[in-house]
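Overview (structure and organization)
Okay, here's what each chain looks like letter by letter:
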Amino acid sequence: MTVQKKKVLLAPLDPVHDIGLKMIKRGLDQAEHDTILLPPDYSPEEIIKTAMDNDVDVILISRTLGYRVAEILGSFIDLAEASGIRERVRIGIGGMAIRPELAAELGFDAGFGPGTTVEEAVAFVEGREYVKEDVSRSKFKKDMTEKYDYTFKNKRIENLLNAIVDGIIDYVKNKTTPGVERAKIRERMLESTDETEVLKLKKEYARLCDNVVKVYYDSGALKEKTRHLTAEELKALETYLEKLKLRINPLKLQHADKNPMVFIQYGTGCPFMDIAHIKTCEAWGADGVVHFDPSWGARTEGFFEGYITHEEDGSVITYENLRIIKDALMPSTLWQVRAHRGLNTPETVLLAGKVGADLTKINIAYGSLGGGTDPERLTVDAVAAIKYAARFDMPFDVVTNEELCGVPAHKAFAGMLIVTMLGLRLGAKPILQPLFCYSPEVMISGQMRDNYVDFNAAKISALRSILNAPIWCGAPIGFLTQTEDRVQSSLSTALHASLASVLGVDGISIASADEAYSGGPISVAARIDTLRATQSAFRFFGHAEITPTRNSEIWASQIVEGIESTLDSVAKNGNFVDALYRGLLGSRGEGAYPGRAGRGTVTSL
Amino acid sequence: MSGALERVMDAVDIETFLVCDDEEEGKRLSLQLMNELGFKDASIVFIQHQGPGARVRIRGYIYKPGDSYAWLFKKDN
């Protein structure tokens, strides 16, 4: 369609400010309209006279100062009417002091408030409706692992990892656990169409569960503080989501191609509140969401069934709960279900895979040294879980939160690399997840006394020197640097996001501005604050760099040396599980305690 | 005015998220909320609407420059 060329007068009705009009002039010039830009501080009479002398089609006025705004703009419109140009000239007003309702009230044809784009103003001049870009159409799911071939640059570390993983694969052969067996039964239940068989399988399943879950399968009674969602609530959710679908046009957080994917973590306890938070985070640009289950769920053998809400932190894992969350997601949203600790890891990965999750989370070292699960139990369960991850083509991150217990980065990384190699050998796609935060190790040793940049950069550099694998910084970035104040908290998150981006990582998990608040559930407003802050930070840095000091290189070398010596000691020990108990990947003195949940439950086939 | 409100130096900001269909509804609800809370001089500092609702910062002024500030006359001053 050919657009008719317009003659446009742009005039700042303001003592000094005219930047917005200059930007619009450029847009109009590019669209081949004729433009006249007046300098600031012209009187309404001078502006109207210029419009009449030049026979313009459109006048665009800007006003930044709020002082006497209604009075000045009102008199401008009165003057335009008195001069006789009002009927044939369209007049728009924009600027920081302008709100569309004020513009309409004063008689302007359009009002452009803060945040107006040049395209919007051009559309007004051309007399066409402005259609906001639909980001949801350009957003698509990215595979974080796609561009990595997992080549080891450090061959000594590769050889050590292979030797350790040979031992793990050999160790778990002919061993099983109640968790491994329940996952097999659950899969048969999900695939069976025969009700009698399903009932029989449920009984078999219940026999392998803790009492609190057995009671549920016997009588239908749930654990305290949990309840089934009602049919009425489920119907209302369906209606809410149907309506919401029509008006979601998400923002995009990334400004440059190198900006990482941004994940948020949810687990309010209620799948409905989770969905409400997820949809809000999607709207404000989150690329992915991570499911947090309750801590008691990890210490309990077996899962409940049905749509269940829970009054405390962490959302209960059931097939149905995962299903409604999955169904609520935008097609472009990456979804991770964590299975890094606890007594249900194989079944968690199975359910995640069956429901259609994109990612999961597995780490034997963290789950057993910082997550409370018995090392032997988790080793056997994790091998089964990784096999499910491979089968469902679900990459998994190898989280290293044992650092938060006090384990030094090099030991946590050694554990992460062992599980990474195990994943590769079992045909899965692991993602490295270093902590990107203020860990106890650096609090004690002082590597972050001057800045938060050097040591975080050293970690990424160390991992990059070892192998070519995706890196997803966690979890959440900036942990222990945030306070309860939302501005400081959001800023700290945004600065860590910027550093992660400059270092070229593939993904980051961000906290809400409530990260440091422990008095109750996270509010959705606090989630928006860190998303907005991250978006601003990406915009601020673009492709610019951050230069760490020389310390970063020194610490990167020390981390690599520490990883080698840790792996050496694990390989020499000859038994990975025993190495975990003995503290070779994090000792009691460092704050790592081998978990007790599930101890003595591994059996030989 | 309650005792605590007298001790507010100038204004009370409410930071929240309102479930609403569009920005206009968000603005209306913002001012309605402040009215329901008893603020007579309310304004919307910030509002951003996306899909599920609006992130808002709504302000209720207790004192504006030139007013007589009750906290100035606090007995133990």
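Our subject is the structure listed above.
Residues numbered from 1 in each chain as written. Chains lettered and ligands numbered in written order. Predicted model: local features only at pLDDT ≥ 70, side-chain atom pairs only at ≥ 80, totals over all residues. Heavy atoms only, no water.

This brings us to the overall build of chain A. When its secondary structure is counted, chain A shows 24 helices and 17 strands. Its C-alpha atoms put chain A at 95 × 65 × 45 Å along the principal axes. Looking at chain A as a whole, 57% of its 605 residues are labelled buried. The long-range share in chain A, meaning contacts at least 24 apart out of those at least 6 apart in sequence, stands at 77%. Accessible surface for chain A amounts to roughly 25500 Å². Of this, 51% is attributable to carbon and sulfur atoms. A distance of 4 Å separates the average location of the 70 positive side-chain charges in chain A from that of its 81 negative side-chain charges. (Helix = DSSP H or I, 4+ residues; strand = E, 2+ residues; numbered from the N terminus. Buried < 20%, exposed > 50% of the residue type's maximum accessible area, 1.4 Å probe, protein only. Contact = heavy atoms within 4.5 Å. Areas by Shrake-Rupley, 256 points an atom, 1.4 Å probe, with all protein chains shown as cover. Lys, Arg positive; Asp, Glu negative; His and termini not counted. Charge placed at Lys NZ, Arg CZ, Asp CG, Glu CD.)

Attention now goes to the interface of chain A and chain B. Between chain A and chain B, the residue contacts involve 18 residues of the former and 16 residues of the latter. Three residues, A:R247, A:W284 and A:R532, lead the burial of chain A against chain B; their summed loss comes to 37% of the area buried on that side. The interface formed by chain A and chain B includes three salt bridges. Here A:D529 ties to B:R55 by a salt bridge, and the two come within 3.0 Å at their closest N and O atoms. Between chain A and chain B we count seven residue pairs in polar contact (both at pLDDT 80 or more) in total. Sort the elements by how many residues they give to the side of chain A that touches chain B and helix α22 (residues 524-541) of chain A lands first, with five residues. Classifying every residue of the side of chain A that touches chain B by side-chain character gives nine nonpolar, two polar and seven charged. (Buried area = accessible area lost by both parts, 1.4 Å probe. Salt bridge = Lys/Arg side-chain N within 4 Å of Asp/Glu carboxyl O. Polar contact = N/O pair within 3.5 Å; in protein donor to acceptor, adjacent residues only side chain to side chain. Nonpolar A, V, L, I, M, F, W, Y, C, P; charged D, E, K, R; others polar.)

Turning to the pattern of salt bridges, a few remarks are in order. Residue and element names in this part refer to chain A. The tally for this structure, following the rule as stated, stands at 54 salt bridges over all chains. Across the salt bridge formed by K155 and E158, the nearest N and O atoms sit 3.3 Å from each other. Of this pair, K155 and E158 both sit in helix α7 (residues 155-172), three residues apart, roughly one helical turn. With its nearest N and O atoms 2.7 Å apart, the salt bridge here joins E282 to K279. One end of the pair is E282 and the other is K279, both in helix α12 (residues 271-283) and three residues apart, which spans about a single turn. With respect to burial, E282 and K279 carry one shared label: buried. Several salt bridges share partner residues, and in doing so they unite R182, R186, K202, E301, E305, E347, R377 and D381 into one network.

What follows concerns the nonpolar core. Residue and element names in this part refer to chain A. In terms of nonpolar packing, the biggest core is built from 131 residues, with W335 and I508 touching the most fellow members. With 10 residues, the single largest contributor to this core is helix α18 (residues 409-425). Judged by nonpolar contacts, the second largest core, of 26 residues, contains A11, I48, V89 and A103. (Core = buried A, V, L, I, M, F, W, Y, C linked by side-chain atoms within 4.5 Å.)

Right, let's talk about the sheet that holds strand β16 (residues 507-510) of chain A for a bit. Consider a sheet: its strands pair through backbone hydrogen bonds, and that pairing is either parallel or antiparallel. Residue and element names in this part refer to chain A. With parallel pairing, the eight strands of this open sheet are ordered in space as β14-β13-β12-β11-β9-β8-β16-β15. Two strands bound the open sheet, and with one partner strand each, they are β14 (430-433) and β15 (472-473). The pairing of strand β12 (residues 359-361) with strand β13 (residues 396-399) spans two bridges and is parallel. Among the inter-strand pairings, T360 is bridged to a residue of β13, identified as F396. (Pairing = 2+ DSSP bridges.)

Turning our eyes to something else, we now look at α22(A). The α-helix advances 3.6 residues per turn, and as a result positions three or four apart in sequence lie on the same side. Its 18 residues place the ends of α22(A) 26 Å apart at the C-alpha level, agreeing with the 26 Å of an ideal helix rising 1.5 Å per residue. Buried within α22(A) are the following residues: A:V524, A:A525, A:A526, A:R527, A:I528, A:D529, A:T530, A:L531, A:A533, A:T534, A:A537 and A:F538. Elements in contact with the buried residues of α22(A): β8 (261-266), α12, α21 (486-502) and β16 of chain A together with β1 (11-19) and β3 (53-61) of chain B. Immediately beyond the C-terminal end of α22(A), within one or two residues, lies A:G542, with a positive phi of roughly 50 degrees. (Expected span 1.5 Å × (residues − 1).)

Looking now at the sheet that holds strand β2 (residues 34-37) of chain A. Residue and element names in this part refer to chain A. An order of β2-β1-β3-β4-β5 is seen for the five strands of this open sheet, with the pairing classed as parallel. A strand with exactly one partner marks an edge of an open sheet, and here the two such strands are β2 and β5 (110-112). Adjacent strand axes in the sheet meet at a mean angle of 20 degrees, parallel and antiparallel pairs treated alike. Across five bridges, strand β3 (residues 58-62) lies against strand β4 (residues 90-94) in parallel orientation. (Axes fitted to C-alpha atoms, helices over the stretch in contact; angles between N-to-C directions.)

This part covers empty space enclosed by the protein. Residue and element names in this part refer to chain A. Overall, the coordinates contain two cavities of 30 Å³ or more when judged by the stated rule. The volume enclosed by the largest cavity comes to roughly 90 Å³. Taken together, V213, D293, P294, W296, G297, T300, G302, F303, F304, V316, I317 and N344 form the lining of the largest cavity. Of the residues contributing to the lining of the largest cavity, the split by class is seven nonpolar, four polar and one charged. D293, G297, A298, F303, R338, A339, H340, R341, N344, T345 and T348 are the residues that line the second largest cavity. Every element with two or more residues in the lining of the second largest cavity is listed here: α13 (295-298) and α15 (345-355). Taken together, the residues that form the lining of the second largest cavity break down as three nonpolar, five polar and three charged. (1 Å grid on protein atoms, 1.4 Å probe; cavity = no way out; pocket = protein on both sides within 12 Å on 5 of 7 lines; lining within 4 Å. Points joined across faces, edges and corners; volume = space filled by probe spheres on them.)

All names here are of chain A. Summarising the sheet, strand β1 (residues 7-12) and β2 pair through four bridges and their orientation is parallel. If you follow K7 over to β2, its bridge partner there is D34. For the crossover from β1 across helix α1 (residues 19-30) to β2, the handedness is right-handed. (Right-handed = clockwise from strand over helix to strand, strands pointing away.)

Below, the discussion takes up the side chain of A:E441. All names here are of chain A. Take E441: it is sitting in helix α19 (residues 440-445). For E441, which is buried and forms no salt bridge, the nearest opposite charge comes from K459, at a distance of 6.1 Å. Polar side-chain contacts of E441 include one of 2.8 Å to the backbone nitrogen of A409. Once residues lying within four places of it in the same chain are set aside, the contact partners of E441 are E403, P408, A409, Q447 and F455.

This part is about the layout of surface pockets. The space that makes up the largest pocket amounts to roughly 1600 Å³. Contributions of two or more residues to the lining of the largest pocket are made by α4 (100-106), β5, α5 (118-125) and α22 of chain A together with α2 (23-36) and β2 (42-50) of chain B. In terms of residue class, the lining of the largest pocket is made up of 15 nonpolar, 11 polar and 13 charged. Considering only enclosed or pocket space, the second largest pocket measures out at about 940 Å³ in volume. Surrounding the second largest pocket, 36 residues form its lining, A:Q265, A:F292, A:D313, A:R338 and A:E515 being those nearest its centre. Of the residues that constitute the lining of the second largest pocket, the class distribution is 16 nonpolar, 12 polar and eight charged.

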